[in-house]
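Understanding the architecture of this molecule
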Number of protein chains: 2
Amino acid sequence: MLNNETMHAAVHRYIAALNAGDLEAIVALYAENGSVEDPIGTPPHQGHAAIRAFYAKSLAIKLEVALEGPIRAAANEAAFAFCVRLHWQGQDRVIRPIDVFRFNEAGKITSMRAIFGPENMAAG
Amino acid sequence: MLNNETMHAAVHRYIAALNAGDLEAIVALYAENGSVEDPIGTPPHQGHAAIRAFYAKSLAIKLEVALEGPIRAAANEAAFAFCVRLHWQGQDRVIRPIDVFRFNEAGKITSMRAIFGPENMAAG
C-alpha cells in the first residue's frame, strides 16, 4: 500500500504546478496511461498526450489555486477540496471542486476525477 | 442523469441523521444493495443489514458532524468534506473525512467511500 506522505506530497506539487502554470510538472505527476475526468461525467483524457493537451487549455488562463482544508489520503487514493480563481471572459470567477486522485505503487496518478457542478461555480 | 439538487439534499439528510443518531434515516438513504467503505481500504459493508450494523456501531457514540465547505455534485456522484467530533476512550477526538456518494437514478446511495487517514484524526 502506498505511503500517505507520498500522496500528500503529490497533491501539494499539483497545486504548486497549477499556480506556476508548469504544464510539464503536472503531466509528470501522472502515470503514462493515467486518465483525467474533469468534471466527472465528461469524456476522460487518457494518456500523457491527452492529459498535456487538456491542461495546456486550462493553463491558457492564469489560475490561482488554493487548498480548502486538509488533504485526505488512504489506501491508494487522495481527496482534496480546493478553490480555483480565474479571470475569464472579462469576469473574475471561482470554481470549488473536490478532486480524487488514485495512485499506482510508484506514486503516479492513474486516475483523477474532479467533482463539481454549476453550484460550485460563481462570480468571484 | 440525476438532479444535483437531489444529491445535495441527500447529503444534508445524511449529516442531520448522523447528528440526530437516527439509524433508520441513514439506512433509508442507501439502495438495498448499497455499499459502505469507511475508510477506503477496509472491507465494504454491503446491503441494508450490513450497513445498519455498521452505523449502529458508529452511533453508539454521540457524534457531532458538520460540513466543511460546499457539497460538490456532478453526474451521479457527490463529494463533501466534513468534520466529526466525538468523545471516545475518555478523550475528545476529531476526524475529518471526505466522503464520496454514488447514487442510482432513484436518488439512493449505491456506494459510499470515506477517504481519510491517520493525518485526519486528532485530539479535539
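Treat the numbers as computed from the prediction; the structure is a model and nothing was measured. (Residues numbered from 1 in each chain as written. Chains lettered and ligands numbered in written order. Predicted model: local features only at pLDDT ≥ 70, side-chain atom pairs only at ≥ 80, totals over all residues. Heavy atoms only, no water.)

**Quick word on the relation of the copies chain B and chain A**
For the pair chain B and chain A, the superposition axis carries a translation of 0.0 Å, the fit reaches an RMSD of 0.0 Å, and the rotation angle comes to 180°. Seen this way, the second copy is the image of the first under a two-fold rotation axis. It is Ala81 of chain B whose C-alpha, among those of chain B, lies nearest the rotation axis, at 3.6 Å. (Least-squares fit on C-alpha atoms with pLDDT ≥ 70 in both.)

**Concerning the side chain of Arg113 of chain B**
Inspection of the secondary structure puts Arg113 of chain B in strand S8 (residues 109–115). For Arg113 of chain B, the side chain forms a polar contact with the side chain of Glu77 of chain A, separated by 2.6 Å. Separated by 3.5 Å, the side chains of Arg113 of chain B and Glu37 of chain B make a polar contact. Excluding anything up to four places from it in sequence, Arg113 of chain B contacts Glu77 and Arg102 of chain A together with Glu37, Ile40, Ile98, Asp99 and Val100 of chain B. (Helix = DSSP H or I, 4+ residues; strand = E, 2+ residues; numbered from the N terminus. Polar contact = N/O pair within 3.5 Å; in protein donor to acceptor, adjacent residues only side chain to side chain. Contact = heavy atoms within 4.5 Å.)

**So, the interface of chain B and chain A**
A common way to express how large an interface is: the accessible area buried when the components associate. Taken together, the contact pairs 28 residues of chain B with 28 residues of chain A. For the pair chain B and chain A, the two sides together bury roughly 2,000 Å², of which 58% comes from carbon and sulfur. When the buried surface of chain B facing chain A is broken down by residue, Arg72, Ile98 and Ile115 of chain B rank first, second and third, together holding 29% of it. Counting every contact that joins chain B to chain A gives 4 salt bridges. For Glu77 of chain B, the salt bridge identified is with Arg113 of chain A, shortest N-O distance 2.6 Å. For the pair chain B and chain A, the interface holds 16 residue pairs in polar contact (both at pLDDT 80 or more). Elements with a contribution of two residues or more to the side of chain B that touches chain A: helix H1 (4–20), strand S4 (72–74), strand S5 (77–88), strand S7 (98–103) and S8 of chain B. If one sorts the elements of the side of chain B that touches chain A by residue count, S5 of chain B sits on top with 5 residues. For the side of chain B that touches chain A, the class distribution of residues is 16 nonpolar, 5 polar and 7 charged. (Buried area = accessible area lost by both parts, 1.4 Å probe. Salt bridge = Lys/Arg side-chain N within 4 Å of Asp/Glu carboxyl O. Nonpolar A, V, L, I, M, F, W, Y, C, P; charged D, E, K, R; others polar.)

**Some words on helix H3 (residues 47–58) of chain A**
Note: α-helices contain 3.6 residues per turn, so residues at a spacing of three or four share the same orientation. Residue and element names in this part refer to chain A. The terminal C-alpha atoms of H3, which comprises 12 residues, lie 17 Å apart, in line with the 16 Å expected from a rise of 1.5 Å per residue. All of the buried residues along H3 are Gly47, His48, Ile51, Phe54 and Tyr55. Down the axis of H3, the buried set is contained in an arc of 130°. They therefore lie on one face. Along H3, the residues that are exposed and aim more than 90 degrees away from the buried face are Ala49 and Lys57. Buried residues belonging to H3 abut helix H1 (4–20), helix H2 (23–28), strand S1 (30–37), strand S2 (45–46) and strand S8 (109–115). (Expected span 1.5 Å × (residues − 1). Buried < 20%, exposed > 50% of the residue type's maximum accessible area, 1.4 Å probe, protein only. Arc of directions from axis to C-beta.)

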